[in-house]
Amino acid sequence: MRRIWAIFLGALIMSNAASAQTSGDPPAGKPAWALTIHGGAGVIERGKLTPEKDAEIRAALSRALDAGSAVLAGGGSAVDAIGATITILEDDANFNAGRGAVFTWDGANEMDAAIMKGETLEAGAVTGVTRTKNPVLLARKVMEDSGFVFLSREGADQFSREQGLEQVDPSYFATPLRREQLEELKERVASGKQVSSFDIDMKYGTVGAVALDQSGHVAAATSTGGVTGKRWGRIGDSPVIGAGTYADDRSCAISATGAGEYFIRLGVAHEICTRLRFRAIEQAAEAQAEVPVDRDGAPERVITPDAVSLDPREVQDIVTGVIDELGELGGTGGVIYATPWGQQGWSFNTPGMYRGKASSGGEKLVAIYGDEE
Ligand code: ASP
């Protein structure tokens, strides 16, 4: 009997883990909502930005945080909040997403974006779009209205027009700074200073947002122009579900930024979510083992993974563990995260990452350099 109950309980724990969760009363200290954002990682060191640029970037991150926070504080969904956050950063030429996107080798701006809902595991992504003003809104349309997950290039632009999303002339995305960066890269390649056309300096500015809403659901989105000088239809990690973007109510929401090829190879976003999910299952089983059982071996109560709350340090260690593995492979960059248990934060192995977080607890923080909190 005892054995049969143990098998039943194991199956129950697994089946609970496999369904979208609605947690009951939030554990004490859990924020009602949380929002974490990034604006790209890279060699962002003190002294590299003028004080004016530093202030401009912080103000933009702050505005984006406020827009998403307002949605979440008003009871809106995580997916609405990250959309509101990212469109602000896409419209700001300081970031490599939407206006201000980097140039391809052939001198075009080709953008990628993805969005994912942790509640249902629905996702939408686009790559190589050239006319949609806000690629993140197109990714959302793909998720909700296309019947597909991932659309590319002309087809994605066509779907965008058919859905009535705002269209702009491709020149809208181009900025003189990004053009200079392409010229610099081409010169380095021509003079033999750089062998590959890959932008080793990572002209940062990809944007991302992850959120936990008051219903307990998480969502993630990322938007980027990719890397300067990309060619042959190169696609980075940002729009690849599981690499640069992932959300699952059983574990976390992740948005990445950095050298996309490495994030794709490690499946970074999904890898982090999987490790957290299995840790929650393990912790529920450990807690279950402590629950008294009756004469038939039936426990007084059943502890499911959605009822546990991982320790914030443990969450941070798991996220950092994957970023360490990325570094061992030679990859640079970082991620932001938000969990259904209320933890939020980031991990990166570059000198800096444009980033920010806010929560219902009243906390609001914007940072750029690695030595800030
Ligand atoms: N991850 C993006 C890409 O590889 C670039 C970035 O985050 O800066 O396309």
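Residues numbered from 1 in each chain as written. Predicted model: local features only at pLDDT ≥ 70, side-chain atom pairs only at ≥ 80, totals over all residues. Heavy atoms only, no water.

(A) Main features of the packing of helix α2 (residues 51–73) against helix α3 (residues 78–90). α3 packs onto α2 with a crossing angle of 160° between their chain directions and a minimal axis gap of 8 Å. Comparing their axes, α3 and α2 come out roughly antiparallel. In the crossing of α2 with α3, the sense of the turn from one axis to the other is right-handed. Across the interface between the two elements, Ala60, Leu61, Arg63, Ala64, Ala67, Gly68, Val71 and Leu72 from α2 touch Ala78, Asp80, Ala81, Ala84, Thr85, Ile88 and Leu89 from α3. (Axes fitted to C-alpha atoms, helices over the stretch in contact; angles between N-to-C directions. Helix = DSSP H or I, 4+ residues; strand = E, 2+ residues; numbered from the N terminus. Parallel < 35°, antiparallel > 145°, perpendicular 65-115°, else oblique. Left-handed = near helix turned anticlockwise from the far one by under 90°. Contact = heavy atoms within 4.5 Å.)

(B) Molecular detail of helix α8 (residues 268–289). The end-to-end C-alpha distance of α8 is 32 Å, a good match for the 32 Å that 22 residues give at a rise of 1.5 Å each. Listing the buried residues of α8 in full gives Val268, Ala269, Ile272, Cys273, Leu276, Arg277, Arg279, Ala280, Ile281, Gln283, Ala284 and Gln288. (Expected span 1.5 Å × (residues − 1). Buried < 20%, exposed > 50% of the residue type's maximum accessible area, 1.4 Å probe, protein only.)

(C) Examining the sheet that holds strand β10 (residues 344–348) more closely. Strands sit in the order β7-β8-β9-β10 across an open sheet of four strands; the sheet is antiparallel. The open sheet has two free edges, formed respectively by β7 (245–248) and β10, since each of these has just one partner strand. Across the sheet, the axes of successive neighbouring strands diverge by a mean angle of 15°, strand direction being ignored. Packing of α8 onto the sheet brings it into contact with β7, β8 (252–258) and β9 (333–338), and relative to β8 it is tilted by some 150°. In the packing of helix α9 (residues 312–329) onto the sheet, contacts are made with β9 and β10, and the angle to β9 comes to roughly 155°. (Pairing = 2+ DSSP bridges.)

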